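Remarks on the overall topology
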Amino acid sequence: MGGCVALNFSCDQAVNQICSCLFGNRNYIYMMKANLGALESARQKLQERREDLLLRVSIEEDRGLERLPQVEGWLSRVASIDSQVSDLLKVKPTEIKRLCIFGYISKKCISSCKYGKDVWKKLEEVKELLSEGVFKELARKRPVPKVVKKDIQTTIGLDSMVGKAWDSIMKPERRTLGIYGMGGVGKTTLLAHINKKFDKEVNEFDVVIWVVVSKDLQYKGIQDQILGRLRVDKEWEKETEKEKVSSIANILGRKKFVLLLDDLWSEVDLNKIGVPRPSQENGSKIVFTTRSKEVCRYMEADDDLKINCLPRNEAWQLFQNVVGEVALKRHQDIPTLAKRISEKCYGLPLALNVIGKAMSYREDVHEWRHAVDVLNKSSHEKFPGMEEKILSILKFSYDGLEDDKVKSCFLYCSLFPEDYEIKKDELIEYWINEGFINGKRDEDGSNNQGHVIIGSLVRAHLLMEFEKEFTPAVKMHDVLREMALWVGSTFGKEEEKQFVKTGVKLSLIPKDINWSVLRRISLMSNRIEQTSYCPNCPHLLTLFLGDNDLKGIPGEFFQFMPSLVVLDLSRNRDLSELPEEICRLTSLQYLNLSYTRISSLSAGLKGLRKLISLDLEFTWLTNIDGIGTSLPNLQVLKLYHSSVQIDASSIEELQLLEHLKVLTGNVIDALMLESIQRVERLASCIQCLWMINISTEVLTLNTVALGGLRELDIELSGISEIKIDWKSKEKDDLICNSTSPYFKHLSSIVLRSLEGPKELTWLFFAPNLKHLEVAYSGSLEEIINKEKGMHISNVHPDMMVPFQKLESFNLRGLDELKRICSTPPALPSLKKFVVEHCRKLPKAATASFPDMNRNETISEISSFSRFQFSEEMKMEGNVLTPCLEGMKHVKSEQGEMLTLPFLDLCKNLLPAIGKFGFALTIVKADISGNISRLEKNYLSDPDKYKCLYTVVQGEVESETAKGSSSCTNALLWLTRAMDFLVEVFRNLLAHQDWSMSQACSDSYQKTLRKWHGWLSSSTSSMGLKLAPDRKKFMEVTAGSGDMNADMERFCSEFGMFLQENHKFLASVGMDDMKAS
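These remarks concern the structure in this document. (Residues numbered from 1 in each chain as written. Predicted model: local features only at pLDDT ≥ 70, side-chain atom pairs only at ≥ 80, totals over all residues. Heavy atoms only, no water.)

In terms of helices and strands, the protein carries 38 helices and 28 strands. Counting all 1076 residues of the protein, 53% fall into the buried class. Sequence separation of 24 or more characterises 65% of the internal contacts of the protein that already satisfy a separation of 6 or more. As presented, the protein carries roughly 48100 Å² of accessible surface, and 49% of it is formed by carbon and sulfur atoms. (Helix = DSSP H or I, 4+ residues; strand = E, 2+ residues; numbered from the N terminus. Buried < 20%, exposed > 50% of the residue type's maximum accessible area, 1.4 Å probe, protein only. Contact = heavy atoms within 4.5 Å. Areas by Shrake-Rupley, 256 points an atom, 1.4 Å probe, with all protein chains shown as cover.)

And the structure:
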């Protein structure tokens, strides 16, 4: 009975469904064909809408913005429904075959009815998504973290001060709080506690910004620190000072902000920075620290808070914490002596920390008694001011250094500007050449004694450790620097006499320098343009003139410096030659010419036969001919990113340098790299290597030969595979099994525009890597291949997990990248992670990375990849045909240059540029970026910017045209790039016997060369050497039709448009801007 009921119900249900399908309002079976057609059409429109939206979103993300959640949600729903529609359409043929009786009936009626209903539902959903997919705004500025955390030392007695400061800040009527007190009293520590409180306590502020000001007031530096917090994009770095002011004012004008200014020495004009003045209306606050109460008055602080030294009991508590319980219990008299020493620190936290740390290593009670005697001799009456009393106490820590050499090393650090971060290896080089330490170097070129001394100074709290561009560095607390300068100027050992005026905007060398007695002079980071006299300085050992505006140096300047051993002229960017009289510096051992325009080794320079260290990085130098015999004592030679290419000739020269220990350089030939690695004495010296324009199937890096390698940069190269070898090239055996075959010192790798490899599993062999950047490598599919990684781990069990020390990871423009590795690694040390324009990389690939303030932009598609797609389309006519057609539409009926047709014309030239291969990679990327910038501006208001020159006129009027991120700048450089391309085609027509490389190089010299900076010029010149074979180029571009006739027409007609652009830009004073 029950079974019959169930059967009747089932039959009734089936009949109802059939009737509904046949005679219902929607007749799902009969309408199936029509609905399927409509669904396919609607899906196509939805896909086009999605692609268009992704392109526009990509442009926004290029500017550092992030897509809106509603846009992301729509794109996610589109992806989901597209998959569902795809599944429906897969069974379309089967369902259509089942239809009969003119489509009214199906052979499987219930199944077809359900299918037809699903089709109808999906059609309605697609239509709804189409109607929703219209967005006025696509992206917003990426939110910056409200507070950036600061490291805070353990403190005693600051809690009440933090409370007072917080209460003052939170009062609505208070706008500016000044915190003042002597150097080393804990002002910065208090400010750090306030910063932390904004992070922990509930408050209504939008952003808290920390800025270090220092004695050398630099408005640009303050602006850069503020913009670095407010904007995640890097476009602001190229802006003019006026543009930065406007940007800061615009952003902060819309926020309730707190600005923390640390270490003010004078009034700061907020208007010059762009910071809106705090008011009760905007609710913003400014808190600053200073040593002077006068500065509080100048800054119009409506509340000030003085930090005093610690009371005796709290000072004693801090001192005990620093010294440690173990040291205090070594003898029954030590606590009493320690208390007396603590009292001599006057409650100054800096002194208590520094002296306490020095005493923590004193094991014998007699050492403690001696310390009390020394401090007692620094009588109070001798020093009228509290500052000098404190300096005398801090000097105790200096006096306690183990020997005079270490003391000299410490004092040497005061030659650098305040807050200057000194790379450890560079500091050690100075010490070696001054004779403070021996010049003995380890196998990797490092000096162990130098690192031991730095370690002792850090442990004594006399230096602080940092990392500068992923390189170990140190700097001095400003009070300790004052102490060092005070010791150097007051305590009068002849060998320590020095003169320091850094970062004070000097335009001339001061006339009050007593050159005849000084041992060291530092005039770094000023604006000195000339050396106009002939100083007599028989005792001068070190002269720092780096980071100035010197354009030339008269020969007589070096005439009377017989003892000079260290000369730093780096970062004088217009210094192009040295006088022959430099050869008079017969004692010179260290010469730094990096970041200058020096292009040759003059005879005078080659006369410096005692020279040990020569830095020519980032110069225009093209060869090192004669250096092997002229400078036989060289131990350090730095050529990284100069125009010198290591070839057979330079290898011979370098082999003549028998004492060489450190080498940085550039290679453009895989065979040359192989030759270098065969000479292990030479290869083992290499610390930094820039490889550019390499073209080879397999590039082999040998971990034995390149054992000292620290930085590796490979750019603009075609390499199918990079292999690692650990077999000695000079010895026919493998390295010792107990030593892992990896790069022990390699900490930074940059791979840009590297075409060919699909994976980079060889990175396993750089376990100490801290910085990795991979960009614009179109063939790359994964970073670590699972099978190859497992093979490496099986052979070398100590190399199981890659990237454990990685701190910075940048991935950009990798169109085919799908994964980091099969199982995303945990990166415990990661601090910065950037992904841009990696359209196939899912977010899941990086899900295991530590949570941090990332700049993570995973772009689905980029305008650049869209241009690349057009190159692969079947070409009708030749590569210039679309351009010739597009030129018909560039001008309006009134003769005005139209924006969109001109940009489309330039886009149509990208396939032609693509045929040049690696040679024009940089030019192509630059063109794409400038087109995107102009196109973005046009899309913001198509009616307003219909004509090409409208945006330029607007920027000229608003005085923003000269900014490197302006549309004016984009149009100028786009026009210049097109000038270059036109000139190339002209050369191909006029010089049938020229190679493609000749045609490109000549065109570059006539067009872009005079506008490029030295680094751009060097990189571009090298890139052009990779121009393709002329015959092959003509074959792949010619297509059908008369290519020569089209080239001639293109040069004539397009050249006229470009001349018109130049004429207009010149009329508004914008045609002669150079690259920075």
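Alright, that's what it looks like, and here's the rest.
Within the open sheet, the three strands sit side by side as 10-12-11. Their pairing is antiparallel. A strand with exactly one partner marks an edge of an open sheet, and here the two such strands are strand 10 (422–423) and strand 11 (464–468). (Pairing = 2+ DSSP bridges.)

What follows concerns the nonpolar core. Of all hydrophobic cores here, the largest spans 107 residues; its most connected members are Leu637, Leu701 and Leu811. Here the element with the most residues in this core is strand 23 (residues 711–725); it accounts for five residues. By size, the runner-up hydrophobic cluster in this structure holds 95 residues, among which are Ala165, Leu190, Phe319 and Ile454. (Core = buried A, V, L, I, M, F, W, Y, C linked by side-chain atoms within 4.5 Å.)

Moving on: the packing of aromatic side chains. Scanning the model with the defined rule gives 24 aromatic pairs in all. Pairing Tyr595 with Phe618 gives two aromatic rings, centres 4.6 Å apart and planes at 10°, and the pair type is stacked. Here Phe618 lies in the loop between strand 18 (613–615) and helix 23 (627–630) and Tyr595 lies in the loop between strand 17 (590–592) and helix 22 (603–606), a separation of 23 residues in the sequence. Accessibility expressed as a relative area gives 13% for Phe618, which makes it buried. Taken together, the ring pairs connect Tyr412, Phe416, Tyr420, Tyr430, Phe436, Phe544 and Tyr590 into an aromatic cluster. (Phe/Tyr/Trp six-rings, centres within 6.5 Å; stacked < 30°, edge-to-face > 60°.)

Taken together, the side chains of Glu529, Asp547, Asp549 and Asp574 make up a negatively charged region of the molecular surface. Positionally, Asp574 belongs in the loop between strand 16 (566–568) and strand 17. Classification of Asp574 by relative accessible area gives partly exposed; the value is 41%. (Patch = residues over 30% accessible without salt bridge, like charges linked within 9 Å, V, L, I, M, F, W, Y side chains within 5 Å. Salt bridge = Lys/Arg side-chain N within 4 Å of Asp/Glu carboxyl O. Lys, Arg positive; Asp, Glu negative; His and termini not counted. Charge placed at Lys NZ, Arg CZ, Asp CG, Glu CD.)

Moving on to helix 33 (residues 950–957). Among all positions of helix 33, only Val951, Val952 and Glu955 are buried. Angularly, the buried residues of helix 33 cover 100° about the axis, an arc narrow enough to put them on a single face. Once helix 33 ends, the next one or two residues include Glu959, with phi positive near 60°. (Arc of directions from axis to C-beta.)

Time to look at the environment of Met524. Relative to the elements of secondary structure, Met524 occurs in the loop between strand 14 (520–522) and strand 15 (542–544). Note on Met524: relative accessible area 6%, which makes it buried. Met524 sits 47 residues away from Arg571 along the chain, and the two C-alpha atoms are 9.9 Å apart. Once residues lying within four places of it in the same chain are set aside, the contact partners of Met524 are Leu415, Phe416, Pro417, Tyr420, Lys501, Thr502, Gly503, Phe544, Gly546 and Asn548.

Quick look at the sheet that holds strand 9 (residues 303–306) now. On the basis of which strands lie adjacent, the open sheet formed by five strands has the order 6-7-8-5-9 and parallel pairing. For this open sheet the edge positions go to strand 6 (207–212) and strand 9, each flanked by a neighbour on one side alone. Along the sheet, successive strands turn relative to each other by an average axial angle of 15°, direction set aside. As judged from the six bridges shared by strand 6 and strand 7 (residues 257–264), these two strands associate in the parallel manner. Note on strand 7: the bridge partner recorded for Ile209 is Leu259. (Axes fitted to C-alpha atoms, helices over the stretch in contact; angles between N-to-C directions.)

Turning our attention to unusual backbone geometry. Here the phi dihedral of Asn693 falls at roughly 65°; this positive angle occurs in a residue that is not glycine. Assignment of secondary structure puts Asn693 in the loop between strand 21 (686–692) and strand 22 (695–702). Given a relative accessible area of 7%, Asn693 falls into the buried group. In this structure, Phe803 is a non-glycine residue whose phi angle is positive, near 65°.

Across all of its chains, the model carries 38 salt bridges by this definition. Between Arg175 and Asp302 there is a salt bridge, with the nearest N and O atoms lying 3.6 Å from each other. Remark: Asp302 occurs in the loop between helix 11 (293–298) and strand 9 and Arg175 occurs in the loop between helix 6 (159–170) and strand 5 (176–180); sequence separation between them is 127 residues. Here Glu1060 ties to Lys891 by a salt bridge, and the two come within 2.9 Å at their closest N and O atoms. With a gap of 169 residues between them, Glu1060 in helix 38 (residues 1043–1067) and Lys891 in the loop between helix 29 (881–886) and helix 30 (899–908) connect regions that are remote in the sequence. The structure contains a network of salt bridges with shared partners spanning Glu715, Arg752, Glu773 and Arg812.

Where empty space is left in the structure can be found by rolling a water-sized probe over the atoms. For the second largest pocket, the calculated volume is near 370 Å³. What lines the second largest pocket is a set of 18 residues, among which Glu721, Lys723, Ile724, Phe765 and Ile792 lie closest to the centre. Those elements giving two or more residues to the lining of the second largest pocket turn out to be strand 23 and helix 27 (786–795). If you tally residues by element for the lining of the second largest pocket, the top one is strand 23, at five residues. Partitioned by chemical class, the residues of the lining of the second largest pocket number nine nonpolar, four polar and five charged. (1 Å grid on protein atoms, 1.4 Å probe; cavity = no way out; pocket = protein on both sides within 12 Å on 5 of 7 lines; lining within 4 Å. Points joined across faces, edges and corners; volume = space filled by probe spheres on them. Nonpolar A, V, L, I, M, F, W, Y, C, P; charged D, E, K, R; others polar.)

Judged by how many residues are buried, strand 7 sits mostly within the fold: eight of eight residues are covered. The pairing of strand 7 with strand 8 (residues 285–290) spans five bridges and is classified as parallel. Paired with Leu260 across the strands is Val287, a residue of strand 8.

Right, let's get into the environment of Leu264. Checked against the element boundaries, Leu264 lands in strand 7. Once the C-alpha coordinates of Leu264 and Asp216 are considered, the two residues, 48 residues apart in sequence, prove to be 9.4 Å apart. Each residue touching Leu264, except ones within four places of it in the same chain, is listed here: Val213, Phe288, Thr289, Thr290, Arg291, Val295 and Met299.

Remember, this is a structural readout, not a statement about activity or role.
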